[in-house]
Amino acid sequence: MTWAVHARSRCRLCGSDDVAEFLSLGDAPFTDDFVAPSSAGREFTAPLSVWVCRACWTAQTQHDVEVGEYYRDYNYSVAASPFAQTFMRRLAQETMARYGLGPGATVLEIGSGDGAQLAHFQALGAHVLGFEPSADLCAASRARGVPVNQRLFDARTAAEIGNDMLPADAIVLTYTFDHLPDPLPFLEAVRGVLHPERGVLVIEVHDLERIMQRRETCLFEHEHSVYLTRRSFRRLLERAGFELLTTELLPDHERRGNSLLVVAAVEGHRHAADAPEDGPANLERWETYAGFAEEVRRSHDALRRYIRDARAAGRRIAGYGAGGRGVMTLAGAGLGPGDVAYLCDRSPHAHGLLAPGSHVPICGPDRLAQDPVDELIVFSYGYLDEIREQLASELAASPRLTSVLDLLSPGSPMGTP
Ligand SMILES: [Zn+2]
């Protein structure tokens, strides 16, 4: 793999040069760059720090990583999870019902993956089209009857969409928007293809407010360019000619951990906005950011201490969930295979490989039967109940399950999703 890191010196959104670093996480890997044991130590790592623009109060990275060849030849999908399926079905239902879209409505999804979300819109009678750069995921999407263009979405791509799909009634992005290096031109391209009166833009990103409350710094990664709050998102949308309609399309318990789900429409639209709450103002004060690095250091110390005290007392610990949360928490807290024996994941894509950064081995949950542990730290905490049920049905004796959030933010009222 060849790569280059390009530094920025201005805000990605407003262009201000008053951008200040508030958290430095040291050398960090890519979240999904699993390594063969023989190549451990040769995976990509680069300094990862997070900045905030003091003009528009948008948290962001100030670097872009350019990867020479597209090395991600496997694709992790949680689409099989009942919770994720319900979320996608409800997102389609509420978007269609609330904004008056019926059969024949046109729905685009950018970063459409294996087409699972668009299939739910299709089931409600919508005409759908996805945009997805991964060849494997496009093949999976077409196999289920969801049409997809294998490419990224930008102003040029937008000009090539067939007239039968334009103007679009809804454009959907779930956990894709915060990967865009330049969100503003992207939003302008979207505005050009969205129906000016009835069109809605539905975007789900990680909520910086919750990341900071829960010390969930594993969500700071090279792949994420911006970290939005209700306030900074509204400001960004207005800058691009949109109005924020709601942040309450789905109730909290139906959304995935850490979700900020916004619906917006082009200025001059004909929908009713529900005047969403703006969130706390303390994320627009430098003091909040200035004190955060120390809180993160303490939370990583607490996690390490918890695990090492258990090890010293003769207890074995493994992890569950080899997604970004597991990989980045282990790497960020400086943990290794001497601390966490292995990291299980139901998806086989990384079995036999090591987590980048920490070099903890990845395996299937079947290892828990052959090589038992006393405690399992669940990194994919949003699926804790499902994991508990599955393990109870598969294992004679389940280890104790602990959500990583409870270890990172002990005593915090936001400690459990
Ligand atoms: Zn700015």
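Everything numeric in this text was worked out from a predicted model, so none of it was measured.

The rules behind each value
- Residues numbered from 1 in each chain as written.
- Predicted model: local features only at pLDDT ≥ 70, side-chain atom pairs only at ≥ 80, totals over all residues.
- Heavy atoms only, no water.
- Donors = N, O, S within 2.8 Å, 3.2 Å for Na, K, Ca; no water.
- Tetrahedral: all angles 85-135°; square planar, octahedral: opposite > 155°, others 65-115°.
- Buried < 20%, exposed > 50% of the residue type's maximum accessible area, 1.4 Å probe, protein only.
- Helix = DSSP H or I, 4+ residues; strand = E, 2+ residues; numbered from the N terminus.
- Contact = heavy atoms within 4.5 Å.
- Domains from an automatic or database assignment.
- Buried area = accessible area lost by both parts, 1.4 Å probe.
- Salt bridge = Lys/Arg side-chain N within 4 Å of Asp/Glu carboxyl O.
- Polar contact = N/O pair within 3.5 Å; in protein donor to acceptor, adjacent residues only side chain to side chain.
- Nonpolar A, V, L, I, M, F, W, Y, C, P; charged D, E, K, R; others polar.
- Core = buried A, V, L, I, M, F, W, Y, C linked by side-chain atoms within 4.5 Å.

Engineer: I would appreciate a short explanation of the coordination of the zinc ion in the present structure.
Structural biologist: Geometry sets the ideal angles at a metal, namely 109.5 degrees for four tetrahedral donors and 90 or 180 degrees for six octahedral donors. Those protein atoms acting as donors to the zinc ion are Cys11 (SG), Cys14 (SG), Cys53 (SG) and Cys56 (SG), and they sit at 2.3 Å. Considering all four donor atoms around the zinc ion, the spread of angles at the metal, 104 to 117°, places the coordination shape in the tetrahedral class. Within one chain, the residues serving as donors to the zinc ion are arranged as C-x2-C-x38-C-x2-C. Given the relative accessible area of 6%, cysteine 11 is considered buried.

Engineer: Just checking my understanding: could you explain helix α10 (residues 324–332) for this structure?
Structural biologist: One full turn of an α-helix is made of 3.6 residues, so residues set three or four places apart face in the same direction. Of the positions making up α10, those classed as buried are Gly326, Val327, Met328, Thr329 and Leu330. Its buried side turned inward, α10 meets β2 (19–28), β3 (46–53), α9 (292–312), β15 (343–344) and α13 (404–408). The positive-phi residue at the C-terminal boundary of α10 is glycine 334, with phi of around 70°.

Engineer: Any chance you could explain the domain arrangement of the chain here in plain terms?
Structural biologist: You can read the domains of the chain as domain 1 (1–270) and domain 2 (292–408). With centres defined by C-alpha atoms, the gap from domain 1 to domain 2 works out at 27 Å. On the side of domain 2, 30 residues touch domain 1, which itself brings 35 residues to the contact. Summed over both sides, the interface between domain 1 and domain 2 buries roughly 2700 Å², with carbon and sulfur atoms accounting for 70% of that surface. Summed over the shared surface of domain 1 and domain 2, the result is two salt bridges. Here glutamate 295 and arginine 215 are joined by a salt bridge, their closest N and O atoms 3.3 Å apart. Across the domain 1-domain 2 interface, the total number found is 10 residue pairs in polar contact (both at pLDDT 80 or more). For the side of domain 1 that touches domain 2, the secondary structure elements donating two or more residues are β2 and α1 (82–98). Top contributing element to the side of domain 1 that touches domain 2 by residue count: β2, with four residues. Each residue belonging to the side of domain 1 that touches domain 2 can be placed in one class, and the counts come to 22 nonpolar, six polar and seven charged.

Engineer: What is the right way to look at the pattern of salt bridges in this model?
Structural biologist: Note that side chains of opposite charge can pair when their charged atoms are close. Tallied over the entire structure, the rule returns 30 salt bridges. The salt bridge involving aspartate 18 is made with arginine 54; its shortest N-O contact spans 3.1 Å. Of this pair, aspartate 18 sits in the loop between β1 (3–7) and β2 while arginine 54 sits in the loop between β3 and β4 (59–60), and the two are 36 residues apart along the sequence. Among the residues examined, aspartate 18 registers a relative accessible area of 32% and is labelled partly exposed. Overlapping salt bridges bring together Glu294, Arg297, Arg298, Asp301 and Arg304 as one network.

Engineer: Where do I start with the environment of phenylalanine 242 in this structure?
Structural biologist: Note on placement: phenylalanine 242 falls in strand β12 (residues 242–246). For phenylalanine 242, a relative accessible area of 0% puts it in the buried group. Distance from phenylalanine 242 to proline 196, taken between C-alpha atoms, is 9.9 Å for residues 46 residues apart in sequence. Among all residues touching phenylalanine 242, those that are not within four sequence positions of it are Leu187, Val190, Arg191, Leu194, Leu201, Leu237, Ala264, Ala265, Val266 and Glu267.

Engineer: Could you clarify how one ought to interpret the nonpolar core in this entry?
Structural biologist: If you look at soluble globular proteins, the nonpolar side chains tend to sit buried side by side. In terms of nonpolar packing, the biggest core is built from 43 residues, with Phe22, Phe220, Tyr289 and Leu303 touching the most fellow members. Secondary-structure elements contributing two or more residues to this core are β2, β3, α6 (208–213), α9, α10 and α13. The dominant element in this core, judged by the number of residues it contributes, is α9, at five residues. Counting only domains with at least three residues in this core, you end up with domain 1 (1–270) and domain 2 (292–408). Tyrosine 289 has contacts with Phe22, Val52, Trp57, Leu208, Met212 and Leu283, leaving out every residue within four places of it along the chain.

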